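The lines below spell out each chain.
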There are 6 protein chains.
Amino acid sequence: MRIAVCPGSFDPVTFGHRDIINRASTLFDKVIVVVTVNLNKKPAFTAAERIVFLEKVTAGLENVVIDTWDGLISEYVRTVNACAIVKGLRAVSDFEYEFQMALANKLLNENAETVFLTTSSENMYLSSSVVKHIAAYGGDISAFVPKVIIKDIEERLEQLRNDPNFVLK
Amino acid sequence: MRIAVCPGSFDPVTFGHRDIINRASTLFDKVIVVVTVNLNKKPAFTAAERIVFLEKVTAGLENVVIDTWDGLISEYVRTVNACAIVKGLRAVSDFEYEFQMALANKLLNENAETVFLTTSSENMYLSSSVVKHIAAYGGDISAFVPKVIIKDIEERLEQLRNDPNFVLK
Amino acid sequence: MRIAVCPGSFDPVTFGHRDIINRASTLFDKVIVVVTVNLNKKPAFTAAERIVFLEKVTAGLENVVIDTWDGLISEYVRTVNACAIVKGLRAVSDFEYEFQMALANKLLNENAETVFLTTSSENMYLSSSVVKHIAAYGGDISAFVPKVIIKDIEERLEQLRNDPNFVLK
Amino acid sequence: MRIAVCPGSFDPVTFGHRDIINRASTLFDKVIVVVTVNLNKKPAFTAAERIVFLEKVTAGLENVVIDTWDGLISEYVRTVNACAIVKGLRAVSDFEYEFQMALANKLLNENAETVFLTTSSENMYLSSSVVKHIAAYGGDISAFVPKVIIKDIEERLEQLRNDPNFVLK
Amino acid sequence: MRIAVCPGSFDPVTFGHRDIINRASTLFDKVIVVVTVNLNKKPAFTAAERIVFLEKVTAGLENVVIDTWDGLISEYVRTVNACAIVKGLRAVSDFEYEFQMALANKLLNENAETVFLTTSSENMYLSSSVVKHIAAYGGDISAFVPKVIIKDIEERLEQLRNDPNFVLK
Amino acid sequence: MRIAVCPGSFDPVTFGHRDIINRASTLFDKVIVVVTVNLNKKPAFTAAERIVFLEKVTAGLENVVIDTWDGLISEYVRTVNACAIVKGLRAVSDFEYEFQMALANKLLNENAETVFLTTSSENMYLSSSVVKHIAAYGGDISAFVPKVIIKDIEERLEQLRNDPNFVLK
């Protein structure tokens, strides 16, 4: 059985992420979507919330499961005996950073092959940051995230906006 | 009457910004330069100060006015009934980000067409960050910003440099 | 009256070009689409054919006219007294080349301001080359070019494919 | 059984190509390496020669077979019922072009998912063009292509160099 | 005597940095590696620690010395009468930023010529950030930094990880 | 004595090239500008003409000499015992290609260190192709090439334009 790991902060999950997960699920026997807990990002949503969002959004994809991890992805790949790390590619800046990580992960775990997929063109320039930016200002995010999580996102961003210490990333 | 909106943080305005505003003023009947108040940026200058800088720098351009906004630009465009958002393009990293915003703004407001202009080559690699970096170290910024605002910038950056909580962005 | 010039080889015109022309027509009083006759390109279609394609595709846009030119665009801009050159931007490689041309045109004619517009995301990665590539192999090009010119394109590319001297660019 | 198609001109195959094919062979049940016969490229080696090179280089990889195709790759993918097109990614210019083709192929065949793999860092900036350039001047290509095909490449390029009509691409 | 200045945050020094310093030492009579104290970066290691790391790593390079500076690099270049600023180039995002700084430095000091060198391909995608990321999670960093400083880095990052205010940059 | 080699097609030399040669002449004891005779380029000017242009343009730079070479640059570097290859960097597409060549040259000759310099910002987007394009159409090229070679370039391009087999590259 070939297992792929699909890591990300998913803060929150967008149509672009969902598209990548869908595509990965047709290429591998099992896809584990991993919510990463990074030291260098202060997320708008807790890991638990992001998992719930992903579960709602991937409901119906039978070979997809959700997990969380606060270590190196190369280590997680080893633990679950995966053959691939799946990443969506959007644009040039993504590309450089992801190359760097792909090479580092390969050095840390020889079996951690990174596989890049593209989203459909309408999601090519979509990011979680844009979604949070629009939601923080009360804009309409229905073109960017699945319907089942819109209300949760809107409420959180409104709340964050009123927090004087909040800095949108 | 065709109105264009020219949004930015202008923290502070540079020769590059002035060049873009000049060019926009020849293409549209009216140009509104909008100082955006972003949740994700801690500016070195207040919105009021940035407006004063812009007013000094655009004095003499009769069809240019200055305004400020703390919401979505697509919403501002709707409010003033503009036909275009004008942005200056400098380099590849700008380009990717601006593409993303242009597509998002078009989705949020079908009439918010983003128009990209280039600065002259000597300003192509100039940014507000570089200006603040140089001013914070007491360097000469006269090649980068108009004469009328140099002293204000130098004083502020010297003051910020001595603030232990200040982090230059 | 503000006139914009929209130059290109349009060999053949695609949905991406049509989108840019549409957008330009809302920003300027008159848009002249100019089929350029370049020394460095051997087109698949004659200038006359490309003009007919453009006329079919822009029918209904009242302030758009089609023309052809075999000199420098900066010179054409001067001749028709235009205030802007409109170009669509797709991706990084476009961007670098177009920057170069924009700066050169500005040097050759101070009034030749280049204005970059983006296409909608579904056309962002579409080019005339891809269209010709697919048509040369008998593929379906209906997702890329307007219906009224599909048959003409298919016939020409089939014919070119059987020409032993033909090299697809 | 999941089949991946790995298309390219392989003119000639390099260590970079071999690396990508190796990696693909661990991710899919079967990998078909397809020598494409393009209208827009005048290869240095015939399709038959390129196939022989690939067979030598992939000897020992049991789930890899070599084929040739002179049509659209999306059509080939349909014919062999593959689930993925595998491409190696090297650098920014690759990236833009490959994005364009990936989106076009997806439109032409909904099941033609393009999967991008990276080569190891020492092959990241290696291309068939560089190999031919060096060989044409009698340089040492042993760092770039497998030993079993070096002599064939050197002989062909020396011969081509003396052909007055030859233009190295 | 031609002197080159090699500035950076070196937080910490990596194999990529060492490679650039080695190469610079063959091109100039004297190379001064300068640990910059930036207002916009909160380093993981103090300037004193970073100097010690660099001294260990460059031991044996007779024409290389280490220094520190908390002002503009163009000013430092003037002070030591250097003819060049040496920078390593890794990838596109580096490239844009470094261009900007090179042009600004040239404006600030006409003699501050920036010279870009490339690292060997295995270090091309290596950065101090990746090293800190891996070390913070207890991963193996021996492929990225010289042996003599591994233990120091591991201890510091473990300590930082347990600091609730620590944000990895 | 440190010798640098500055290779290029210089077809024809521009202000950008002259700027790079000037800068290189301050960094090295001797700079050899090498007109390369490439198999993959059909130049507008013969090697002999390009040498004459370069001699005119570099007159007065005492440590600069002009030469020509029809082999691998790494071989030339070995022959003259140079320590560096100097290249000007303009934009992203240059960058990728030059990286590839720098790594290949280093593999072919361990002492062939490539050193990248930037031109001043007004030449950043200038290329020989743009010069030939403008001259072929009778445009004014005085902003792009030194005065002493303008007439020669204009005459040649006018002549080439009337050659039915001429394709501008």
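Anything mentioned here points back to the structure above.
Residues numbered from 1 in each chain as written. Chains lettered and ligands numbered in written order. Predicted model: local features only at pLDDT ≥ 70, side-chain atom pairs only at ≥ 80, totals over all residues. Heavy atoms only, no water.

A. Summary view of the pairing of strand β5 (residues 113–118) of chain A. In terms of burial, β5 of chain A is largely enclosed, as six of its six residues are buried. By the alternation rule, side chains of β5 of chain A split into E113, V115 and L117 of chain A and T114, F116 and T118 of chain A, which are all buried. Alignment of strand β4 (residues 84–89) of chain A against β5 of chain A, held across six bridges, turns out to be parallel. In the sheet register, L89 of chain A faces β5 of chain A, and the bridge partner there is T118 of chain A. Where β5 of chain A meets strand β5 (residues 113–118) of chain D, three bridges bridge the pair, whose relative direction is antiparallel. (Buried < 20%, exposed > 50% of the residue type's maximum accessible area, 1.4 Å probe, protein only. Helix = DSSP H or I, 4+ residues; strand = E, 2+ residues; numbered from the N terminus. Pairing = 2+ DSSP bridges.)

B. Local environment of the sheet that holds strand β5 (residues 113–118) of chain B. Read across the open sheet, the ten strands follow the order β3(B)-β2(B)-β1(B)-β4(B)-β5(B)-β5(C)-β4(C)-β1(C)-β2(C)-β3(C); overall the sheet is mixed. If you trace the sheet from one side to the other, it starts and ends with β3 (64–69) of chain B together with β3 (64–69) of chain C, each paired once. Here the average twist between neighbouring strands, direction ignored, is 35°. This element, helix α1 (residues 15–27) of chain B, spans β1 (3–8), β2 (30–36), β3, β4 (84–89) and β5 of chain B together with β4 (84–89) and β5 (113–118) of chain C of the sheet and lies at about 125° to β5 of chain B. (Axes fitted to C-alpha atoms, helices over the stretch in contact; angles between N-to-C directions. Contact = heavy atoms within 4.5 Å.)

C. View of helix α1 (residues 15–27) of chain F. Residue and element names in this part refer to chain F. A rise of 1.5 Å per residue sets the reference length of α1, with its 13 residues, at 18 Å; its end C-alpha atoms lie 19 Å apart and thus fit the reference within 8%. Within α1 the residues assigned to the buried category are F15, G16, D19, I20, I21, R23, A24, S25 and L27. The opening residue of α1 is T14, an N-cap whose side-chain oxygen sits 3.1 Å from the backbone nitrogen of G16. (Expected span 1.5 Å × (residues − 1). Polar contact = N/O pair within 3.5 Å; in protein donor to acceptor, adjacent residues only side chain to side chain.)

D. Just the pattern of salt bridges, in detail. Using the criterion set out here, one finds 61 salt bridges over all chains in the structure. The residue D70 of chain A makes a salt bridge to R161 of chain E at a minimum N-O spacing of 4.0 Å. Of this pair, D70 of chain A sits in the loop between β3 (64–69) and α3 (73–80) while R161 of chain E sits in helix α6 (residues 147–161), which puts the two residues in different chains. You can call R161 of chain E partly exposed: its relative accessible area is 31%. (Salt bridge = Lys/Arg side-chain N within 4 Å of Asp/Glu carboxyl O.)

E. Up close: the interface of chain A and chain D. Listed as interface residues are 28 residues of chain A and, on the opposing side, 28 residues of chain D. When chain A packs against chain D, close to 2200 Å² is buried across both sides, 66% of that on carbon and sulfur atoms. Between the two partners, chain A and chain D, sit four salt bridges. The partner of D29 of chain D in a salt bridge is R2 of chain A, and the shortest N-O contact between them spans 2.9 Å. Inspection of the chain A/chain D interface yields eleven residue pairs in polar contact (both at pLDDT 80 or more). (Buried area = accessible area lost by both parts, 1.4 Å probe.)

F. The arrangement of the relation of the copies chain A and chain D in detail. Turning chain A through 180° and shifting it by 0.0 Å along the axis lays it on chain D, with an RMSD of 0.0 Å. Each copy turns onto its partner about a two-fold axis. When C-alpha positions in chain A are compared against the rotation axis, the closest is assigned to F116 of chain A, at 2.4 Å. (Least-squares fit on C-alpha atoms with pLDDT ≥ 70 in both.)

G. Here's a closer look at the packing of aromatic side chains. All names here are of chain D. Under the criterion given, the structure shown has 13 aromatic pairs over all chains. Consider the rings of W69 and Y76, whose centres lie 5.2 Å apart with planes at 65°: the pair is edge-to-face. On the accessibility criterion, W69 (25% relative accessible area) is partly exposed. Taking the relative accessible area as the measure of exposure, Y76 reaches 4% and is therefore buried. (Phe/Tyr/Trp six-rings, centres within 6.5 Å; stacked < 30°, edge-to-face > 60°.)

H. View of helix α5 (residues 128–136) of chain C. All names here are of chain C. Counting buried residues along α5, eight of its nine residues qualify, which places the element largely inside the surrounding structure. The complete set of buried residues in α5 reads S128, V130, V131, K132, H133, I134, A135 and A136. Looking one or two residues beyond α5, the residue adopting positive phi is G138, at roughly 75°.

I. Region of interest: the packing of helix α2 (residues 47–58) of chain E against α6 of chain E. Residue and element names in this part refer to chain E. Following both chains from N to C, one finds α2 and α6 inclined at 155°, their axes separated by 9 Å at the closest point. Put simply, α2 runs roughly antiparallel to α6. Crossing hand, α2 versus α6: left-handed. In contact with E49, F53, K56 and V57 of α2, α6 contributes V148, I149, D152, I153 and R156. Of the residues belonging to the contact of α2 with α6, the class tally is five nonpolar, no polar and four charged. (Parallel < 35°, antiparallel > 145°, perpendicular 65-115°, else oblique. Left-handed = near helix turned anticlockwise from the far one by under 90°. Nonpolar A, V, L, I, M, F, W, Y, C, P; charged D, E, K, R; others polar.)

J. Focus on the sheet that holds strand β2 (residues 30–36) of chain E. Pairing within the open sheet is mixed, and its ten strands lie in the order β3(E)-β2(E)-β1(E)-β4(E)-β5(E)-β5(F)-β4(F)-β1(F)-β2(F)-β3(F). In the strand order of this sheet, the two ends are held by β3 (64–69) of chain E together with β3 (64–69) of chain F, each with one partner. Ignoring which end each strand starts from, the neighbouring axes of this sheet average 35° apart. Pairing between strand β1 (residues 3–8) of chain E and β2 of chain E: six bridges, direction parallel. Looking at β2 of chain E, one finds that I3 of chain E is bridged to K30 of chain E. Relative to the sheet, α2 of chain E contacts β2 and β3 of chain E, its axis offset from that of β3 of chain E by approximately 170°.

K. Local environment of unusual backbone geometry. Of note, the bond from D11 of chain C into P12 of chain C is cis; its omega dihedral lies within 30 degrees of zero at 5°. Assignment of secondary structure puts P12 of chain C in the loop between β1 (3–8) and α1 (15–27). Here the phi dihedral of N81 of chain C falls at roughly 60°; this positive angle occurs in a residue that is not glycine. The residue N81 of chain C is located in the loop between α3 (73–80) and β4 in this model. By relative accessible area, N81 of chain C is classed as exposed at 62%. Although it is not a glycine, F10 of chain D sits at a positive phi angle of roughly 45°. Within the secondary structure, F10 of chain D sits in the loop between β1 (3–8) and α1 (15–27).

L. Quick look at the packing of α5 of chain C against helix α6 (residues 147–161) of chain C. All names here are of chain C. Two numbers describe how α5 lies on α6: the axes approach to 8 Å, and their chain directions differ by 70°. The angle between α5 and α6 places the two elements in the roughly perpendicular class. Once α5 is placed against α6, the crossing between them reads as right-handed. On α6, the residues touching V131, K132, A135 and A136 of α5 are I153, L157 and R161.

M. Expanded view of the pairing of strand β2 (residues 30–36) of chain D. Residues and elements named next belong to chain D. Taking burial as the measure, the seven residues of β2 include six buried ones, the bulk of the element. The handedness of the β1 to β2 crossover, carried by α1, is right-handed. Relative to strand β3 (residues 64–69), β2 runs parallel, the two sharing six bridges. Across the sheet, the residue bridging to V35 is T68, located in β3. (Right-handed = clockwise from strand over helix to strand, strands pointing away.)

N. Quick peek at the side chain of S120 of chain E. Within the secondary structure, S120 of chain E sits in the loop between β5 (113–118) and α5 (128–136). Residues within four places of S120 of chain E in sequence aside, it is in contact with D19 and R23 of chain E together with L103 of chain F.

O. Molecular detail of the state of the cysteines. Per the counting criterion, the structure on display carries zero disulfides over all chains. Left unpaired, C83 of chain A is separated from the closest cysteine sulfur, that of C83 of chain D, by 12 Å. Judged by its relative accessible area of 16%, C83 of chain A is buried. Here C6 of chain C stays free of any disulfide, with the sulfur of C83 of chain C as its closest cysteine sulfur at 13 Å. C6 of chain C sits in the buried class, given a relative accessible area of 5%. (Disulfide = S-S within 2.5 Å.)

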